[in-house]
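Residue-level structure breakdown
So you can see what is in the structure, the chains are spelled out below.
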Amino acid sequence: MLGALVQGLEASNRLYTGGPFDWLTPFSIVCGFAMIIGYALLGSTWLIIKTEHTLQVWARKVSGWMLSALVVAMIVVTAFMYFSDINALEGWFGFPGLLYLAPMPIIVLLLFFLMRKDLGGEREYRPFLLTVALFLMGYIGVCFAMFPYIVPYQMTIYEAAAADTSLSFMLVGAVIMLPIILSYTAFAYYTFKGKTGHEHMY
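These figures come from a predicted structure and were not determined experimentally.

**Regarding the packing of helix 3 (residues 53–83) against helix 6 (residues 104–119)**
Remark: helix 3 packs on helix 6, axes separated minimally by 10 Å, with the N-to-C direction vectors making an angle of 165°. Classed by the angle they form, the pair helix 3 and helix 6 counts as roughly antiparallel. For the element pair helix 3 and helix 6, the recorded crossing hand is left-handed. Between helix 3 and helix 6, the residues in contact are Arg 60, Ser 63, Gly 64, Leu 67, Ser 68, Val 71 and Met 74 and Val 108, Phe 112, Met 115, Arg 116, Asp 118 and Leu 119, respectively. Of the residues contributing to the contact of helix 3 with helix 6, the split by class is seven nonpolar, three polar and three charged.

**What to know about the packing of aromatic side chains**
If you walk through the whole model with that rule in mind, you get six aromatic pairs. For the ring pair Trp 46 and Phe 128, a centre distance of 5.4 Å and an interplane angle of 55° mean the geometry is tilted. A residue pair is termed long-range when its members are at least 10 positions apart, and Trp 46 in helix 2 (residues 26–50) and Phe 128 in helix 7 (residues 125–146) qualify at 82 residues. Note on Trp 46: relative accessible area 32%, which makes it partly exposed. Ring-pair connections join several aromatic residues into one group, and the members of that group are Tyr 39, Phe 135 and Tyr 139. In this arrangement the basic side chain of Lys 193 is found over the ring face of Tyr 190, its NZ or CZ atom lying 4.0 Å from the centre.

**A short note on the pattern of salt bridges**
Inspection of every chain in the model, using the stated rule, returns three salt bridges. Lys 195 serves as the salt-bridge partner of Glu 124, at 3.0 Å between the closest nitrogen and oxygen. On the criterion of sequence distance, the pair formed by Glu 124 in the loop between helix 6 and helix 7 and Lys 195 in the segment after helix 9 (164–191) is long-range, its members being 71 residues apart. On the accessibility criterion, Glu 124 (23% relative accessible area) is partly exposed. Taken together, the salt bridges that share partners define one network made up of Asp 118, Arg 123 and Arg 126.

The rules behind the values
Residues numbered from 1 in each chain as written. Predicted model: local features only at pLDDT ≥ 70, side-chain atom pairs only at ≥ 80, totals over all residues. Heavy atoms only, no water. Axes fitted to C-alpha atoms, helices over the stretch in contact; angles between N-to-C directions. Helix = DSSP H or I, 4+ residues; strand = E, 2+ residues; numbered from the N terminus. Parallel < 35°, antiparallel > 145°, perpendicular 65-115°, else oblique. Left-handed = near helix turned anticlockwise from the far one by under 90°. Contact = heavy atoms within 4.5 Å. Nonpolar A, V, L, I, M, F, W, Y, C, P; charged D, E, K, R; others polar. Phe/Tyr/Trp six-rings, centres within 6.5 Å; stacked < 30°, edge-to-face > 60°. Buried < 20%, exposed > 50% of the residue type's maximum accessible area, 1.4 Å probe, protein only. Lys NZ or Arg CZ within 6 Å of the ring centre and 35° of its normal. Salt bridge = Lys/Arg side-chain N within 4 Å of Asp/Glu carboxyl O.

Below, the structure is given as structure tokens:
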């Protein structure tokens, strides 16, 4: 779905006019595989934090494979966008987007080499945080490519925004519910703190 959004949707008069499988394109499939690889890396680096001994060694090895695969996937997706007729590239190679995005390849390379070093060492938390940073770089690129559209290349965030009264009502709900969500999420992480090994627990 992310690939379909970046590629653009067929819409007319604020209604979707494409077919049921218009989202299924070679580019969206490539993006789907890239996301699977990214989340596998996220999961394996999380296992480094939560495991020890034999299981942690395995998680580090899998993380190394997934890191290499993710870098290849990011290059393939970017090349696919470059050689395809995708409007998102205007946000990347036009001004001022190009100025903002120019440091990103260097940052991604730095994150990659830092992660490679950490996976071969004893750090446990930083590989996960670096993976989150890699995801952040990817999503910043997507946001720059699509801004200011909320429905890609059809409707901007300004055109889609609700009335001020509706947004104010939603803000009140968010102020009430956000602390509750953060609280039970923090409680869940606290409950399942600590590490596990490779031994059977049941």
